[in-house]
Amino acid sequence: MNLTRNFSLLELTKSDTAIRKGIDNNPNADQVEKLKALCENILQPVRDHFGRVKVTSGFRSVELCTAIGSSANSQHAKAEAADFECPGVDNAELADWIHKNLSYDQLILEFYTPGEPNSGWIHCSWISDQPRASYLHAFKSEGKTKYKPIIGSAKDLV
Ligand SMILES: [Zn+2]
């Protein structure tokens, strides 16, 4: 089943952990609609601009969240978020492009190390109602994950 021209439902729900552990990671009808909206508003425009998108994690059922140590309150469990990269594109450049060109709820440049274009990945969520437009850099500091707002451009991160 295709959600948009270049994105299938399978791409947004596939999880190696779910397969390995026999976890049900099938979204319900409402969640499928939300995944479609995520593709229409974020992933497809990114694909149209950069020519390729590799989704590393989309929907995660509560059971899958528990299995991988992710929060069951995560927007992945609500079918509102995806993690992805565009192979060959600097993740800071990709995040800045989304920030400048798309309407989003939360955009996180995850574990990006300035100066290492391929480090980390992009987490982006979309909701129709009152999106926060929150743009953050996630990084590890003393073993903990910290979030810092990105003011202006991710290219200015040091
Ligand atoms: Zn994520």
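Predicted model only: the values in this text are computed from it and were never measured.

The subject of this paragraph is the overall build of the chain. Each helix and strand counted, the chain has 5 helices and 8 strands in total. For a compact globule of 158 residues, the expected C-alpha radius of gyration is about 15 Å, and the chain comes in at 15 Å, within 12% of that figure. Projected onto its principal axes, the C-alpha coordinates of the chain cover approximately 40 × 35 × 30 Å. Taking all 158 residues of the chain together, 32% fall into the buried category. Here the contacts in the chain between residues at least 6 apart in sequence split such that 64% fall between residues at least 24 apart.

What follows concerns helix α5 (residues 91–101). By the burial criterion, the buried members of α5 are Asn91, Ala92, Leu94, Ala95 and Asp96. Check the buried side of α5 and you find it contacts β4 (81–85), β5 (106–110) and β6 (121–125).

So, about the sheet that holds β5. Taken in spatial order, the 6 strands make up an open sheet running β3-β4-β6-β5-β7-β8, and their pairing is mixed. For this open sheet the edge positions go to β3 (54–57) and β8 (144–149), each flanked by a neighbour on one side alone. Strand-to-strand twist in this sheet, taken as the mean axis angle between neighbours without regard to direction, amounts to 30°. The sheet contact formed by β3 and β4 spans 3 bridges and is antiparallel. The partner of Lys54 across the bridge, within β4, is Glu85.

Here we take up unusual backbone geometry. Trans peptide bonds make up most of the peptide bonds, and negative phi angles are found at most residues other than glycine. One non-glycine residue with positive phi stands out, namely Ala133, at about 50°. Here Ala133 lies in the loop between β6 and β7 (134–141). Note on Ala133: 11 C-beta atoms within 10 Å, which makes it exposed. Backbone geometry places Glu142, a non-glycine residue, at a positive phi of 50°. Structurally, Glu142 is set in the loop between β7 and β8.

With that settled, consider helix α3 (residues 29–50). Given a rise of 1.5 Å per residue, 22 residues ought to cover 32 Å, and the 30 Å separating the end C-alpha atoms of α3 matches this to within 8%. Along its length, α3 shows its largest kink, about 45°, at Cys39. The set of residues buried in α3 consists of Lys34, Leu35, Leu38, Cys39, Ile42, Leu43 and Val46. Gly51 occupies a position one or two residues after α3 and carries a positive phi of about 85°.

Of all hydrophobic cores here, the largest spans 30 residues; its most connected members are Leu43 and Leu109. Of all the elements in the fold, those that place two or more residues in this core are α3, β4, α5, β5 and β6. Residues contacting Leu109, with those up to four places away along its chain left out, are Asn91, Ala92, Ala95, Gly120, Ile122, His137, Ala138, Ile150 and Ala154.

The subject of this paragraph is the environment of Ser125. Within the fold, Ser125 resides in strand β6. On the basis of neighbour counts, which here come to 22 C-beta atoms within 10 Å, the residue Ser125 falls in the buried class. It is 20 Å that separates the C-alpha atoms of Ser125 and Val89, two residues lying 36 residues apart in sequence. The contact partners of Ser125, leaving out residues within four places of it in the chain, are Gln75, Glu80, Ala81, Tyr104, Asp105 and Gln106.

Reading the values: rules and limits
Residues numbered from 1 in each chain as written. Predicted model: local features only at pLDDT ≥ 70, side-chain atom pairs only at ≥ 80, totals over all residues. Helix = DSSP H or I, 4+ residues; strand = E, 2+ residues; numbered from the N terminus. Rg over C-alpha atoms; globule rule 2.2 N^0.38 Å. Buried ≥ 20, exposed ≤ 12 C-beta atoms within 10 Å, placed from the backbone. Contact = placed C-beta atoms within 7 Å. Pairing = 2+ DSSP bridges. Axes fitted to C-alpha atoms, helices over the stretch in contact; angles between N-to-C directions. Expected span 1.5 Å × (residues − 1). Bend = angle between axes of the 7 residues up to and from the residue. Core = buried A, V, L, I, M, F, W, Y, C linked by C-beta atoms within 7 Å.

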